[in-house]
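Residue strings, one per chain:
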Amino acid sequence: MKRWFAAAAAVFCVLAVSITASAVEVGEIHAKGAILTTEDGQVLFEQNADASYPPASVTKIMTMLLTMEAVDSGKVSLEDTVTASAHAAEMGGSQIYLKEGEQMSLDDMLKSIAVASANDAAVAVAEHLGGSEEAFVSMMNDRAAALGCTGTTFVNPNGLDTDGEETKTTARDLALISQELLKHEKILDYTSIWMDTVRNGEFGLANTNKMLKLYDGMIGLKTGYTSTAGYCISAVAERDGMRLIAVVLGEPDKESRNGDIAAMLNYGFANYAVAEILEEGQELDDVAVELGLQDSVEAKLKDDTAILLEKSAAEGLTREIQLKEHVSAPVQAGDVLGEVILLQDGEELERREIVAADSVERKGISDIFRDLLGYLLMKKQVSW
């Protein structure tokens, strides 16, 4: 009972009016493995993050990643019809009770996976994309290796226990997969759904991620539970332009899972802030181009990705822009024109290159002659 009250307090402490950065710590984490990262992979907290454990249905973030990659590459469409095989229909656990031969759009199948954690839909989608479940599992493992996952082995697309085999992964690997999945923004249209339906409104879906209602800013991604894996989740929350990923594996109960996720996210949001490379409303000047077919070229940041700083550092941040006054043609898009230096109390924190947004060709002899002729004519008219 004491643990339940402690976990509940951690979940609902987001409602507190005044939380100072110095007062927020992660505290005790009950998970076997845990990690807190930014969307671009910066690790803010970790605990036993490289030990391999079964992830249960959090496995489905890789199934969703491969699906979104196939959709965004044009290999498949969300309007495609997916037909359930006898094998897909026999899945147990969380499901939408597919019948052999039943057809459903890939959109509804994906929604069923993301919202209701449907094991049968996960297998049906795997067979649709890979030709067979076995081929799709090979795709899952290849993709995990390509992402740099070192402690992950998938055995199916849904995370169910199987005879003699089970998926194993690490908190760090799940964070890597989650980071990649978030590059496909449309996935959040599914993972943030609280309730919906499929089969023309005849079958209801309720999100297994109850933290969508319990934690301010929660937008995904996937929960999981089996008796061997315990309670697991890859959770994504967003506040004030900052998106954080918190992963736990092997929690003893739902309350501990929710409490640990809230504690890690609270730590991240209380102690860190997003700093844009340029101040709001700040623009870069165009750079003059000598002997160019255009008089100037637009300057832009090569990488405008914001950086995450401790709030104390973000408060004292200043920016120094070093930009060339002019360059000689020809100019190629991407040529370096200068840099922005981010400073905190005079100490350099970050440098970002400023580059040419477009290419500018050099004037030819005929262009120069035409300019000279125009200048002489104008000078003659003035003398008149």
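In this report, the structure presented in the accompanying data block is examined. (Residues numbered from 1 in each chain as written. Predicted model: local features only at pLDDT ≥ 70, side-chain atom pairs only at ≥ 80, totals over all residues. Heavy atoms only, no water.)

Quick word on the sheet that holds strand E12 (residues 296-297)
Turning to step 1, where the next piece is worked out: On the basis of which strands lie adjacent, the open sheet formed by three strands has the order E12-E11-E16 and mixed pairing. Unpaired on one side and paired on the other, E12 and strand E16 (326-328) mark the two borders of the sheet.
Turning to step 2, where the next piece is worked out: Here strand E11 (residues 287-290) pairs with E16 via three bridges, running parallel. Counted as the bridge partner of glutamate 290 is serine 328 from E16. (Pairing = 2+ DSSP bridges. Helix = DSSP H or I, 4+ residues; strand = E, 2+ residues; numbered from the N terminus.)

What about the packing of aromatic side chains?
Turning to step 1, where the next piece is worked out: All told, the structure shown has three aromatic pairs when counted by the stated rule.
Turning to step 2, where the next piece is worked out: When the ring of tyrosine 267 is compared with that of tyrosine 272, the centres are 6.1 Å apart and the planes differ by 70°; the resulting orientation is edge-to-face.
Turning to step 3, where the next piece is worked out: Judged by relative accessible area, tyrosine 272 falls into the buried class, the value being 12%.
Turning to step 4, where the next piece is worked out: Over the ring of phenylalanine 203 we find arginine 199; its NZ or CZ atom is 5.1 Å from the centre of that ring. (Phe/Tyr/Trp six-rings, centres within 6.5 Å; stacked < 30°, edge-to-face > 60°. Buried < 20%, exposed > 50% of the residue type's maximum accessible area, 1.4 Å probe, protein only. Lys NZ or Arg CZ within 6 Å of the ring centre and 35° of its normal.)

A closer look at the sheet that holds strand E2 (residues 43-47)
Turning to step 1, where the next piece is worked out: Across the sheet, which stays open at both edges, the five strands sit in the order E2-E1-E9-E8-E7 with antiparallel pairing between neighbours. Strand pairing shows two members of the sheet lacking a second neighbour, E2 and strand E7 (218-226), which therefore form its edges. Averaged over all pairs of adjacent strands, the angle between strand axes in this sheet comes to 5°, irrespective of strand direction.
Turning to step 2, where the next piece is worked out: Sheet topology note: the strand E8 (residues 230-239)/strand E9 (residues 242-251) ladder contains eight bridges and is antiparallel. The partner of valine 236 across the bridge, within E9, is isoleucine 245. (Axes fitted to C-alpha atoms, helices over the stretch in contact; angles between N-to-C directions.)

Side note on the packing of helix H2 (residues 60-72) against helix H4 (residues 106-116)
Turning to step 1, where the next piece is worked out: Running from N to C, H2 and H4 cross one another at 155°; their axes reach a closest spacing of 10 Å. Overall, the two elements H2 and H4 adopt an arrangement that is roughly antiparallel. The way H2 lies across H4 gives a crossing that is left-handed. In this structure, H2 uses Lys60, Met64, Thr67, Met68 and Val71 to contact H4, whose residues at the interface are Leu106, Leu110, Ile113 and Ala114.
Turning to step 2, where the next piece is worked out: Considering only residue class, the contact of H2 with H4 consists of seven nonpolar, one polar and one charged. (Parallel < 35°, antiparallel > 145°, perpendicular 65-115°, else oblique. Left-handed = near helix turned anticlockwise from the far one by under 90°. Contact = heavy atoms within 4.5 Å. Nonpolar A, V, L, I, M, F, W, Y, C, P; charged D, E, K, R; others polar.)

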